[in-house]
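Listed below are the residues making up each chain.
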Amino acid sequence: MICLLRWTALLWTLNSIPCALGMAVSEQSDGSCPPLSVEERRFSDVLDRPLEITGFDLTEMFLLRKGTIAEDLPSFRLGSSPLIKPTKLIFPNGLPSEYSLVSIWRVRRTTKKDRWYLWQIFDQSGGSQVNVVVDGDKKVVEFSFQSLLRNTLRYTFKSRDLHALFDRQWHKLSISVQTNAVSIYMDCKLIERRATDERASIDPSGRTLITTRIEDGRPVDIELKQFLIYCDPYIAELENCCELQDPKAGLPGVAGLPGQKGDKGEKGNTGEAGPAGNGGPKGELGSEGQKGIDGEKGLKGDSGPVGPVGPKGTKGDTGLPGTPGLPAEKECLKGDQGLQGEKGEKGSAGVPGHPGEPGKEGKRGRRGKPGDPGPRGSPGPAGAAEGASAKVLPKHFSLQNKY
């Protein structure tokens with residue numbers, strides 16, 4: 001009854017929508033989407049003619065459910081095995097440029113703060129082409145895709161209305177992807193709509209996964225009832241939420257037996273500090289404590305007083321030559337005569353000098369002594385007469401006396 005009243009009001013609104021909307025619901029231009037069987041009650045009150053619903057049931061394709069969707073949706077607890085398949089098996093003819101994602105799930109106590117992929121398609125090299133991220137810690141939903149320039153564009157939906165997604169109750173999260181806009185719905189209510197750039201087409205040679213943790217790639221532990229991709233961006237707005245509140249419910253039944261013990265609740269907030277109590281009696285003296293650990297190195301202390309002069313040290317090595325001194329003044333005063341130095345030790349013999357120049361001519365010497373008489377010569381013709389005269393001279397007479 002509640003759903004009937006809601007869609008009666010919506011029917012009046014749809015009468016003002018152009019006919020192009022109705023064409024968009026059923027139009028299939030590329031034939032890439034197969035027919036999809038859904039419950040009649042989802043759209044029976046919307047239009048005056050049946051809708052030609054096309055799309056993909058990912059709940060069935062990932063072997064979570066066999067056959068078509070039943071009126072009473074079973075739930076599946078995930079987290080035991082990875083849910084990843086080749087994209088060509090999920091979307092044989094590719095993903096249309098406009099579509100709706102509709103899912104029904106609830107988080108568990110151990111995963112309500114996890115960050116995980118609700119849905120992701122990546123190419124052969126591992127690059128993400130399109131993905132939907134649920135962040136339980138920040139309580140936001142992210143939608144990202146590759147633009148025509150092959151760069152990643154990310155849009156984060158931070159409305160406080162999304163906080164209820166993480167209260168461990170069943171919720172329907174739907175996303176409408178149009179050419180230049182992305183809209184997010186929760187429990188059949190529009191939460192936020194964002195304008196986007198144009199997206200690049202999907203490369204089907206990679207893989208597709210659902211409900212996988214970003215941190216380590218393992219399956220996230222949630223409960224899932226439904227995961228559909230409609231080949232129509234308006235289905236996300238036209239679907240109702242009768243699955244969340246059964247319109248066929250009758251009068252309250254007899255109270256059932258007590259259920260099983262629930263999961264342990266979260267730790268409550270710290271209470272306010274109570275009033276200070278009365279002082280207790282003085283305790284007995286305790287035993288000596290253990291030696292404490294060494295403290296950190298202290299700060300440097302102040303300099304101490306100057307110590308006494310130490311003994312004279314030994315003579316050090318000759319130092320390096322000093323730098324040249326400043327030029328002396330032109331007019332210097334004569335200093336006092338210094339003390340006479342000590343006599344130095346005798347030096348070693350020097351190297352022989354070069355030969356000197358010839359000296360001056362010396363003085364005439366004294367007359368020498370007479371020489372010994374020479375030998376007697378043989379008489380010649382003229383010598384006979386001379387010899388005769390010679391005999392007359394005394395024996396001791398010398399020719400030197402002649403002069």
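Since this is a predicted model, take the numbers as computed values, not measurements. (Residues numbered from 1 in each chain as written. Predicted model: local features only at pLDDT ≥ 70, side-chain atom pairs only at ≥ 80, totals over all residues. Heavy atoms only, no water.)

## Let's talk about the overall build of the chain
In step 1: From N to C terminus, the chain includes six helices and 13 strands.
In step 2: By the burial criterion, 32% of the 403 residues in the chain qualify as buried.
In step 3: The long-range share in the chain, meaning contacts at least 24 apart out of those at least 6 apart in sequence, stands at 68%.
In step 4: With the model as given, the accessible surface of the chain reaches about 30700 Å², and the carbon-plus-sulfur share is 52%. (Helix = DSSP H or I, 4+ residues; strand = E, 2+ residues; numbered from the N terminus. Buried < 20%, exposed > 50% of the residue type's maximum accessible area, 1.4 Å probe, protein only. Contact = heavy atoms within 4.5 Å. Areas by Shrake-Rupley, 256 points an atom, 1.4 Å probe, with all protein chains shown as cover.)

## Re the state of the cysteines
In step 1: This structure, assessed with the given rule, holds two disulfides.
In step 2: One disulfide bridge connects Cys33 with Cys231, the sulfur atoms lying 1.8 Å from each other. One disulfide, between Cys33 and Cys231, carries an S-S torsion of -95 degrees and so falls in the left-handed class. Here Cys33, found in the loop between α2 (19-26) and β1 (55-57), pairs with Cys231, found in the loop between β13 (222-230) and α5 (235-238); they are 198 residues apart in sequence, far enough to count as distant. This pair shows no difference in class: Cys33 is buried, exactly as Cys231 is.
In step 3: Across the disulfide, Cys188 is cross-linked to Cys241 (sulfur-sulfur distance 1.9 Å). Across the S-S bond linking Cys188 and Cys241, the dihedral sits near 105 degrees, which makes this disulfide right-handed. (Disulfide = S-S within 2.5 Å.)

## Here we look at the packing of aromatic side chains
In step 1: Summed over the entire model, instances satisfying the criterion amount to five aromatic pairs.
In step 2: Ring plane angle 85 degrees and centroid distance 4.8 Å describe the contact between Phe56 and Phe91, whose orientation is recorded as edge-to-face. With Phe56 in strand β1 and Phe91 in the loop between α4 (87-90) and β4 (99-107), this residue pair connects regions lying 35 residues apart in the sequence. Of the two residues, Phe56 and Phe91, both sit in the buried class.
In step 3: Here a set of aromatic residues connected by ring pairs shows up, and it is made of Phe143, Phe145 and Tyr155.
In step 4: The ring centre of Phe157 lies 5.9 Å from the NZ or CZ of Arg194, which sits over that ring.
In step 5: The ring of Trp170 is capped by Lys225, whose NZ or CZ atom sits 4.6 Å from the centre of that ring. (Phe/Tyr/Trp six-rings, centres within 6.5 Å; stacked < 30°, edge-to-face > 60°. Lys NZ or Arg CZ within 6 Å of the ring centre and 35° of its normal.)

## Remarks on the nonpolar core
Note that soluble globular proteins tend to have their nonpolar side chains buried in a common cluster.
In step 1: By size, the foremost hydrophobic cluster in this structure holds 45 residues, and its most contacted members are Leu58, Trp105, Trp119 and Ile229.
In step 2: When residues of this core are traced back to their parent elements, those giving at least two are β4, β5 (115-122), β6 (128-135), β7 (140-146), β8 (152-157), β9 (171-177), β10 (181-186) and β13.
In step 3: In this structure Leu58 touches Ile90, Phe91, Trp119, Ile210, Phe227 and Ile229, once residues within four positions along its chain are discounted.
In step 4: By size, the runner-up hydrophobic cluster in this structure holds six residues, among which are Leu36, Ile53, Val102 and Ile235. (Core = buried A, V, L, I, M, F, W, Y, C linked by side-chain atoms within 4.5 Å.)

## Digging into the environment of Leu173
In step 1: Considering the arrangement of structural elements, one finds Leu173 in strand β9.
In step 2: Separated by 69 residues in sequence, Leu173 and Ile104 place their C-alpha atoms 6.3 Å apart.
In step 3: When near neighbours in sequence (up to four residues on either side) are disregarded, Leu173 contacts Leu101, Val102, Ser103, Trp105, Leu118, Val141, Leu165, Ile184 and Tyr185.

## Describing the sheet that holds strand β3 (residues 84-86)
Within a sheet, neighbouring strands are paired by backbone hydrogen bonds and run either parallel or antiparallel to one another.
In step 1: Strand order in the open sheet formed by six strands is β3-β12-β5-β6-β7-β8, with antiparallel pairing between adjacent strands. Only two strands of the sheet have a single partner each, and these edge strands are β3 and β8. With strand direction ignored, the average angle separating the axes of adjacent strands in the sheet is 10 degrees. (Pairing = 2+ DSSP bridges. Axes fitted to C-alpha atoms, helices over the stretch in contact; angles between N-to-C directions.)

## Focus on the pairing of strand β11 (residues 189-195)
When a strand is regular, its side chains alternate between the sheet's two faces.
In step 1: Sheet topology places β10 next to β11; six bridges connect them, and they run antiparallel. Along β11, the bridge assignment pairs Tyr185 with Leu190.
In step 2: Between β10 and β11, which pair antiparallel and follow one another directly, the connecting turn spans two residues, one of which, Asp187, has a positive phi of 55 degrees.

## Re the pattern of salt bridges
In step 1: Scanning the entire structure with this criterion turns up twelve salt bridges.
In step 2: The residue Asp114 makes a salt bridge to Arg213 at a minimum N-O spacing of 3.8 Å. Placement of Asp114 in the loop between β4 and β5 and of Arg213 in strand β12 (residues 207-213) is noted, with a sequence separation of 99 residues between them.
In step 3: When the shortest N-O distance is used, the salt bridge between Arg154 and Glu142 registers 3.7 Å. Taken together, the residues span a long stretch of sequence, with Arg154 in strand β8 and Glu142 in strand β7 at a distance of twelve residues.
In step 4: Judged by relative accessible area, Arg154 falls into the exposed class, the value being 52%. (Salt bridge = Lys/Arg side-chain N within 4 Å of Asp/Glu carboxyl O.)

## Some words on the confidence of the model for the chain
In step 1: Chain-level statistics for the chain give a pLDDT mean of 76 and a share of 68% at 70 or above.
In step 2: Counting contacts from residues 247-259, a segment whose pLDDT is below 50, to residues more than four positions away or on other chains yields four contacts.
In step 3: Low pLDDT, under 50, characterises residues 387-403; the stretch is placed with one contact to residues that sit more than four places away or in other chains. (pLDDT = per-residue confidence, 0-100.)

## A short note on the pairing of β8
In step 1: Burial of the side chains of β8 is restricted to one face: Leu153, Tyr155 and Phe157 are buried, whereas none of Thr152, Arg154 and Thr156 on the reverse face is.
In step 2: Relative to β8, β7 is paired through six bridges, and the arrangement is antiparallel. Looking across to β8, one finds that Glu142 is bridged to Thr156.
In step 3: Where β7 folds back onto β8 in an antiparallel hairpin, the turn is made up of five residues, including Arg150, whose phi is positive at roughly 65 degrees.

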